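Here's the letter readout for the chains.
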Amino acid sequence: MEEPGETREFEMSLSDGGSDDDIPLTLPADGSHSGSIRKGCDPFAQTQRSKLQHRRARINQQINKEMRMRAGAENLFRATTNNKVRETVALELSFVNSNLQLLKEELEELNSNMEAYQMDSEAVNVPMIPLGLKETKEVDFTVSVQDFICEHYGEDSSLYDKEIKELIELRQAMRTPSRNQAGLELLMEYYNQLYYLDQRFFPAHRNLGVQFHWYDSLTGVPSCQRALAFEKGSVLFNIGALYTQIGARQDRSAACGIDRAIDAFQRAAGAFNYLKENFSNAPSLDMSCPSLCMLVRLMVAQVQECVFERVTLTTQDTHFTSQLCLAQEAARVSDVYLLVQQTMTQPLMKDYVPFSWASMVQVKSEHFRALSHYYAAVALCDHVLSAEGQDCDEEAEKAYLQFYVNVPAGPPLCQILRDPEKRRKLGKAHLRRAVIRHEEAMRVHSLCKILRKMDILQDVLSLTHKRSLDKYSELDREDDFDETAEAPEIQSHTHWKPDITPPNFSTVQVTDIFQRLGPLSVFCARARWGPVRLICLQRREGGLGLTLRGDSPVLVAGVVPGGCAEEAGLREGDYIVAVDGQDCKWAKHGEVVHMLKSCSDRGVEISVVTLHSYDTQVERRAIVPSHGSDKENTRQRLLSGAKGQSSASLLNWNRKKKREGSGVTKRIGSTFSLSFGSIRDTEAMY
């Protein structure tokens, strides 16, 4: 297991061009927070899917234990010079490695269990490949967050026990999301909430001290890092994995179910692609670039398969061009699965991807190639000259001329269409190739023990194989002494190109759990200020002698020399956080003015803080650019936009337009304050 500090931390890239409203994270002006209404599903529910997740969690823990034992034994083997001890340790290592191999095989069988995620339906459809969720250990933020609140914000951390408990409960709930829209919203809510956690408690120069443990989705190998980007990336991975499960469970016997499956698989591809393009230095193989590339291609292939099923469902006629269209759609599905198969056989992926996945992908590639030849044969053999006139025949000839990759040798295609005997022979050649492909699919299927257990897949392969054989027998004649010609390769084509739909975080609005700490524009982990000072002001004939500007929180823009405020110790650049003990970090300009004006003859006590510095320098690591965006350290942050804003993007660290005009201005006395170009309140003296 990778220990923190031994390898490069998981990183997030900051790419330009994102929308400012990617993630509207609402911030009530009064700082109120009502808590999350989304809950995880019952972890003890005895559903088929939950049983799989429980078994996966148990195996992950056992793998973690065995790997720790192996690491200890290897260290002892290297450290000792006693031959007897080395022999004993070597024997123990062989036992541990055997146990690890058995556990990984058991986990692979769980990951290959596709039927548990399929929809019970009378329709016979090829099963889809879903992805299991990444498991994680519980995380207790209590001590780390409490210490940071006391040390950094100078407040009593016990006042935030409710918020800390809510954060822990939200993370616990997202470990067991339900397999529906509510589960997706729960994961997105926690993912969005991590933006605030990042801004509040993760400064650029230090770690919070919280370790995030996640297990590899396919191998169960544990990884541990303190980087919050690792937590974000793992949650994002689970969003994509949950979409695959939702897509696999749809009833694809109806058009509406197919459409829902297409949408889910496209969103799964978008989540994995987003993770691939925005994160780097993954500590686990499932979130590495080759693995994510493979998953994106797999999801796109499953979308293409759903498109073929939809075209098949909506094509009721046996018209020549309709059958050609089905043949080309099937060829397209075969091509994309062949691309997935090639990706799975790459050196890094070959020993990582479950054997059942690779077998299923190869079976589908052969199966749909066989279907393309079958539909080509049906189009040729069942085609008759149209009674509607020459226009329809010309349309058929035009479609047929674009049907093959290369024009076959022999008679012109238009002549073949007009000769029933030539059509029969060419159709027979296509059926011969269809039968060969069907038999190859069945052979690959028989080599995988897990696929042999899937009755529905066996039924699909057997039915389509028998259908092609029956059609071949129908065309075969006793006087066919000529050798069957080789059928040309069919040009793949689709009328519905799959989209990779990126995650839309704006669908789930969240509020900062710790917003009682104050507006993020000032009260964040990157700000440095002095301790809270209590200032007692006594009104004189000339007033309090200070100038206020802005709101949430209100800034002391200036003090009158020799005035009441200056004598009491108030300085230009101070922020007012309380008036007479009443918290006013979120108070508007007019509300603070009203509090000051309503003070009695005894005066008013105000609590202020002075912002000393603002960390504008962020760590940068030189990494090869990807798609024009620099890969940078995950703890890079920019301050949120104007104070009091109602929305912010989770990934708005690099909003270059936002940076302009929001710099840091040095003040007298080594204090700093933010520029207020977007504050509509004008300065006023009191």
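Just so we're clear, the structure is a prediction, and the values are computed from it rather than from any experiment.

**Q** What's the story with the overall build of the protein in this structure? I'm lost.
**A** If you tally the helices and strands in the protein, you get 19 helices and 15 strands. By residue count, 52% of the 686 residues in the protein fall in the buried class. Within the protein, counting contacts between residues at least 6 apart in sequence, those at least 24 apart form 80% of the total.

**Q** Looking at this structure, how should I read the pairing of strand S8 (residues 554-559)?
**A** Successive residues of a regular strand alternate their side chains across the two faces of the sheet. Summarising burial for S8: five of the six residues are buried, a large majority. Pairing analysis gives four bridges linking strand S7 (residues 546-549) to S8, with the strands arranged antiparallel. Residue pairing across strands places Arg549 opposite Leu555, the latter belonging to S8. The loop that links S7 with its antiparallel partner S8 comprises four residues; one of these, Gly550, has a positive phi angle of about 75 degrees. As judged from the two bridges shared by S8 and strand S9 (residues 574-579), these two strands associate in the antiparallel manner. From the neighbouring strand, Leu555 faces S9, where its bridge partner is Tyr575.

**Q** So what exactly am I meant to see when it comes to the pairing of strand S3 (residues 222-225) here?
**A** Neither face of S3 is left uncovered, since the one carrying Pro222 and Cys224 and the one carrying Ser223 and Gln225 both have all their residues buried. Bridging between strand S2 (residues 212-215) and S3 involves four bridges; their strand directions are antiparallel. By the bridge assignment, Trp214 is partnered in S3 with Ser223. Between S2 and S3, which follow one another and run antiparallel, lie six residues, and Gly220 among them has a positive phi close to 75 degrees.

**Q** How should I be thinking about the environment of His213 in this particular structure?
**A** Along the chain, the position of His213 falls in strand S2. For His213, a relative accessible area of 15% translates into the label buried. For His213 and Lys137, which are 76 residues apart along the polypeptide, the C-alpha to C-alpha distance reads 5.6 Å. When sequence neighbours within four positions are dropped, the list of residues in contact with His213 reads Glu135, Thr136, Lys137, Ser223 and Cys224.

**Q** Can you walk me through the packing of aromatic side chains in this structure?
**A** One pair of aromatic rings is described through two measures. These are the centre distance and the angle between the planes. Counting across every chain of the model gives 14 aromatic pairs. The interplanar angle of 80 degrees and the centroid separation of 6.3 Å between the aromatic rings of Tyr153 and Phe201 together place this pair among those described as edge-to-face. Of this pair, Tyr153 sits in helix H3 (residues 142-153) while Phe201 sits in helix H5 (residues 181-201), and the two are 48 residues apart along the sequence. There is no split in this pair, since Tyr153 and Phe201 are both buried. Taking 5.5 Å as the distance between ring centres and 85 degrees as the angle between the ring planes, the aromatic pair formed by Phe308 and Phe368 counts as edge-to-face.

**Q** Any chance you could explain the confidence of the model for the protein here in plain terms?
**A** Caution is warranted with low-pLDDT regions, since their predicted coordinates should not be read in detail. Taken as a whole, the protein shows an average pLDDT of 78; of its residues, 74% reach a score of 70 or greater. Ignoring residues within four places in sequence, the model shows residues 14-29, a span with pLDDT below 50, making 60 contacts including any to other chains.

**Q** How should helix H11 (residues 355-381) be read in this particular structure?
**A** Residue pairs spaced three or four apart in an α-helix point in one direction, given the helix's 3.6 residues per turn. The end-to-end C-alpha separation of H11 is 39 Å, in line with the 39 Å expected for 27 residues at 1.5 Å each. Burial within H11 is extensive, with 23 of its 27 residues counted as buried.

**Q** Help me understand the packing of H11 against helix H14 (residues 420-447), please; the structure alone is not making it clear to me.
**A** How two helices pack is summed up by the angle between their axes together with the distance between the axes. Relative orientation of the contacting elements H11 and H14 amounts to 165 degrees, with a least axis distance of 8 Å. On the basis of the axis angle, H11 is roughly antiparallel to H14. Once H11 is placed against H14, the crossing between them reads as left-handed. Class assignment for the residues of the contact of H11 with H14 results in 15 nonpolar, eight polar and seven charged.

**Q** Explain the pattern of salt bridges to me, please; I cannot follow it from the model alone.
**A** For side chains of opposite charge, pairing can occur when their charged atoms come near one another. On inspection of all chains with the given rule, the structure shows 24 salt bridges. Its salt-bridge partner being Asp512, residue Arg200 comes within 2.6 Å of it at the nearest N-O pair. Linking Arg200 in helix H5 with Asp512 in the loop between helix H16 (455-475) and strand S5 (527-529), this pair joins segments that are 312 residues apart in sequence. Its relative accessible area of 1% is what places Asp512 among the buried residues. Glu440 serves as the salt-bridge partner of Arg443, at 2.8 Å between the closest nitrogen and oxygen.

**Q** Even after reading the chapter, I still don't get the nonpolar core, so can you show me in this structure?
**A** What tends to happen in soluble globular proteins is that the nonpolar side chains get buried as a cluster. Counting 137 residues, the largest nonpolar core has Phe201, Tyr400 and Phe514 as the members making the most contacts within it. No other element matches H11, which puts 13 residues into this core. In this structure, Ile535, Leu570, Cys584 and Leu596 belong to the second largest nonpolar core, which totals 22 residues.

**Q** Would you mind going over unusual backbone geometry with me for this structure?
**A** Excluding glycine, residues mostly carry a negative phi; peptide bonds, for their part, are mostly trans. In this model, Ser552 is joined to Pro553 through a cis peptide bond whose omega is -5 degrees. The topology assignment puts Pro553 in the loop between S7 and S8. Even without being glycine, Asn281 reaches a positive phi, approximately 55 degrees. Along the chain, Asn281 turns up in the loop between strand S4 (279-280) and helix H8 (289-314). One non-glycine residue, Ser552, lies in positive phi territory at about 50 degrees. With respect to the secondary-structure elements, Ser552 resides in the loop between S7 and S8. In this structure Ser552 comes out as buried when scored by relative accessible area, which is 1%.

**Q** Even after reading the chapter, I still don't get the packing of H8 against helix H9 (residues 320-344), so can you show me in this structure?
**A** Where H8 contacts H9, the two axes come as close as 9 Å, and the packing angle between them is 165 degrees. Judged by the inter-axis angle, H8 sits roughly antiparallel to H9. Like other packed secondary-structure pairs, H8 and H9 cross with a definite hand, here left-handed. Within the contact between the two elements, H8 uses Met294, Arg297, Leu298, Ala301, Gln302, Gln304, Glu305, Val307, Phe308, Val311 and Thr312 and H9 uses Cys325, Leu326, Glu329, Ala330, Arg332, Val333, Val336, Tyr337, Leu339, Val340, Thr343 and Met344. Class assignment of the residues belonging to the contact of H8 with H9 gives a composition of 15 nonpolar, four polar and four charged.

**Q** How should the side chain of Thr343 be read in this particular structure?
**A** Inspection of the secondary structure assignment puts Thr343 in helix H9. Reaching out from Thr343, the side chain makes a polar contact with the backbone oxygen of Leu339 at a distance of 2.9 Å. Leaving out residues up to four positions away in the same chain, Thr343 has contacts with Met294, Arg297 and Met349.

**Q** Can you help me understand the side chain of Gln250 in this one?
**A** Here Gln250 shows up in the loop between helix H6 (228-248) and helix H7 (255-278). For Gln250, a relative accessible area of 14% puts it in the buried group. Among the polar contacts listed, one links the side chain of Gln250 to the backbone oxygen of Ile246, at a separation of 2.9 Å.

Here is what the cut-offs are and how they apply
Residues numbered from 1 in each chain as written. Predicted model: local features only at pLDDT ≥ 70, side-chain atom pairs only at ≥ 80, totals over all residues. Heavy atoms only, no water. Helix = DSSP H or I, 4+ residues; strand = E, 2+ residues; numbered from the N terminus. Buried < 20%, exposed > 50% of the residue type's maximum accessible area, 1.4 Å probe, protein only. Contact = heavy atoms within 4.5 Å. Pairing = 2+ DSSP bridges. Phe/Tyr/Trp six-rings, centres within 6.5 Å; stacked < 30°, edge-to-face > 60°. pLDDT = per-residue confidence, 0-100. Expected span 1.5 Å × (residues − 1). Axes fitted to C-alpha atoms, helices over the stretch in contact; angles between N-to-C directions. Parallel < 35°, antiparallel > 145°, perpendicular 65-115°, else oblique. Left-handed = near helix turned anticlockwise from the far one by under 90°. Nonpolar A, V, L, I, M, F, W, Y, C, P; charged D, E, K, R; others polar. Salt bridge = Lys/Arg side-chain N within 4 Å of Asp/Glu carboxyl O. Core = buried A, V, L, I, M, F, W, Y, C linked by side-chain atoms within 4.5 Å. Polar contact = N/O pair within 3.5 Å; in protein donor to acceptor, adjacent residues only side chain to side chain.

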